[in-house]
Amino acid sequence: MEDYGTETESDYTSYWRDWFISTRGNEYFCEIDEDYLTDRFNLTGLQAEVQYYQYALELVTDVLDIECDDEMREQIEKSARHLYGLVHARFIVTTRGLAKMLEKYKKGEFGKCPRVLCSGQPLLPMGLHDNPGTSTVKLYCGRCEDLYNPKSSRHAAIDGAYFGTSFHNILFQVYPAMVPLKSARRYEPRVFGFRVHAAATLQRWQEEGRGELVERLKEARVETGFVDEEEEEEEEDLDDDDDSKL
């Protein structure tokens, strides 16, 4: 994570979590409940992962009371941010954590899919690895099922392990009504109105394969998750009508 400007002692010792959540670049994080932070069972194994673990925990839980120089204070602050991130990855897969992240997802606080045919589908943060220091956070689109880099450089510097590899899938399992319909619409390369031969041939082959798979799933009475193009266009027309009324 990025380093931030120095705050006064009263600012970050009295209300550290409020300061952390409100700091620019930390919009992807939700506030961890205090009772979760103070339950040692939830912190199992983190002592070996975080330098100055005890001081960092005391800072995060607003009980730090030591005299130290600026260099030591900076190291404790850095450890506190790292500790919060590691605990955050555990908290957001709990019932309470999922509910908090769901609210942020509904508001589109993690951004929207840049793919045009996804029609502004909200994104979810995720990590490619569960081990810290391996890769930065990515954004997952449940509609096209692809990954994207955050637009902001501040967000792009966040460790992906602070969200983990399972959170986005667990959220959709717990809240199945939030699973977006999979789009069957695709961009067709054309030259003067005619489809490009190589691309058209590949697309026809892929569409035939998808059609066969959908039929097999229907025969097995398995929900496909795909929406027909005509239905999707009708849905977008209804959304446009609603927007025009507003």
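Residues numbered from 1 in each chain as written. Predicted model: local features only at pLDDT ≥ 70, side-chain atom pairs only at ≥ 80, totals over all residues. Heavy atoms only, no water.

For the protein chain, an unreviewed UniProt entry supplies the name Casein kinase II subunit beta and the organism Microthyrium microscopicum. Database annotation for the protein chain, UniProt heading Sequence similarities (unreviewed entry): "Belongs to the casein kinase 2 subunit beta family." (UniProt positions renumbered as here; feature names shortened; annotations may be inferred.)

*Asks:* Mind showing me how you'd approach the packing of aromatic side chains here?
*Replies:* For any pair of aromatic rings, geometry is given as the distance between the ring centres together with the angle between the planes. On inspection of all chains with the given rule, the structure shows twelve aromatic pairs. Considering the side-chain rings of Trp-16 and Trp-19, the 5.8 Å spacing of their centres and the 55 degrees angle between planes classify their relative orientation as tilted. Of this pair, Trp-16 and Trp-19 both sit in helix α2 (residues 16-22), three residues apart, roughly one helical turn. As far as burial versus exposure is concerned, Trp-16 and Trp-19 are alike and both buried. Judged by centre distance (4.7 Å) and plane angle (50 degrees), the ring pair of Phe-20 and Tyr-84 falls under tilted. Here Phe-20 is found in helix α2, whereas its partner Tyr-84 is found in helix α5 (residues 70-91), with 64 residues between them in sequence. Note on Phe-20: relative accessible area 0%, which makes it buried. Overall, Tyr-84 belongs to the buried group, its relative accessible area being 0%. Taken together, Trp-16, Trp-19, Phe-20, Tyr-28, Phe-29, Tyr-84, Phe-110, Tyr-162 and Phe-163 form an aromatic cluster joined through their ring pairs. (Phe/Tyr/Trp six-rings, centres within 6.5 Å; stacked < 30°, edge-to-face > 60°. Helix = DSSP H or I, 4+ residues; strand = E, 2+ residues; numbered from the N terminus. Buried < 20%, exposed > 50% of the residue type's maximum accessible area, 1.4 Å probe, protein only.)

*Asks:* Got a minute to help me understand helix α4 (residues 53-60) in this structure?
*Replies:* Residues spaced three or four apart along an α-helix point in a common direction, a consequence of the helix completing one turn every 3.6 residues. What α4 keeps buried is the set Tyr-53, Ala-56, Leu-57, Leu-59 and Val-60. In an axial view of α4, the angular spread of the buried residues amounts to 160 degrees, which keeps them on one side of the axis. Immediately downstream of α4, the backbone of Asp-62 shows phi near 65 degrees, a positive value. (Arc of directions from axis to C-beta.)

*Asks:* When you look at the pattern of salt bridges in this model, what are you seeing that I'm missing?
*Replies:* Opposite charge on two side chains makes pairing possible when the charged atoms of those side chains draw close. Within this structure, the stated rule accounts for eight salt bridges. A salt bridge links Asp-33 to Lys-100; the nearest nitrogen and oxygen atoms lie 2.8 Å apart. Remark: Lys-100 occurs in helix α6 (residues 95-106) and Asp-33 occurs in the loop between α2 and α3 (34-37); sequence separation between them is 67 residues. Each member of the pair, Asp-33 as well as Lys-100, is classed as buried. Residues Arg-81 and Glu-77 are paired through a salt bridge, measuring 3.6 Å at the closest nitrogen-oxygen approach. Of this pair, Arg-81 and Glu-77 both sit in helix α5, four residues apart, roughly one helical turn. Residue Arg-81 shares its accessibility class with Glu-77, and that shared class is buried. (Salt bridge = Lys/Arg side-chain N within 4 Å of Asp/Glu carboxyl O.)

*Asks:* Explain the packing of α6 against helix α8 (residues 167-174) here, please?
*Replies:* Any two packed helices are characterised by the angle at which their axes cross and by the distance between the axes. In the contact formed by α6 and α8, the axes pass within 11 Å of each other and the chain directions differ by 90 degrees. When the interaxial angle is binned, α6 and α8 end up roughly perpendicular. Taken together, the residues of α8 that come into contact with α6 (itself represented by Leu-98, Met-101, Leu-102 and Tyr-105) are Phe-167, Ile-170, Leu-171, Phe-172 and Val-174. Split by residue class, the contact of α6 with α8 holds nine nonpolar, no polar and no charged. (Axes fitted to C-alpha atoms, helices over the stretch in contact; angles between N-to-C directions. Parallel < 35°, antiparallel > 145°, perpendicular 65-115°, else oblique. Contact = heavy atoms within 4.5 Å. Nonpolar A, V, L, I, M, F, W, Y, C, P; charged D, E, K, R; others polar.)

*Asks:* Looking at this model, I keep getting lost on the environment of Gly-111. Mind explaining?
*Replies:* Secondary-structure assignment places Gly-111 in the loop between α6 and β1 (123-126). By relative accessible area, Gly-111 is classed as partly exposed at 24%. Separated by 30 residues in sequence, Gly-111 and Cys-141 have C-alpha atoms that sit 9.9 Å apart. Gly-111 has contacts with Gln-121, Pro-122 and Leu-123, leaving out every residue within four places of it along the chain.

*Asks:* Would you mind showing me how to read the packing of α4 against α5 here?
*Replies:* Viewed as axis vectors pointing N to C, α4 and α5 meet at an angle of 75 degrees, and their least axial separation amounts to 8 Å. As judged from the angle between their axes, α4 and α5 are roughly perpendicular. Seen from α4, the contacting residues are Tyr-53, Tyr-55, Ala-56, Leu-57, Leu-59 and Val-60; seen from α5, they are Met-72, Ile-76, Glu-77, Ser-79, Ala-80, Leu-83 and Tyr-84. For the contact of α4 with α5, the residue count by class is eleven nonpolar, one polar and one charged.

*Asks:* What am I meant to see in the sheet that holds strand β2 (residues 138-141) here?
*Replies:* Taken in spatial order, the three strands of this open sheet run β1-β2-β3, and their pairing is antiparallel. One side of each edge strand has no neighbouring strand; the edge strands of this open sheet are β1 and β3 (147-148). Strand direction decides the pairing type here: β2 and β3, joined by two bridges, are antiparallel. Within β3, the position partnered with Leu-139 by the bridge is Tyr-148. (Pairing = 2+ DSSP bridges.)

*Asks:* Looking at this model, I keep getting lost on the pairing of β2. Mind explaining?
*Replies:* Regular strands place their side chains on alternate faces of the sheet. The two faces of β2 match: Lys-138 and Tyr-140 on one face and Leu-139 and Cys-141 on the other face are all buried. Counted along the chain from β2 to the antiparallel partner β3, the turn is five residues long, and its residue Glu-145 has a positive phi close to 60 degrees.

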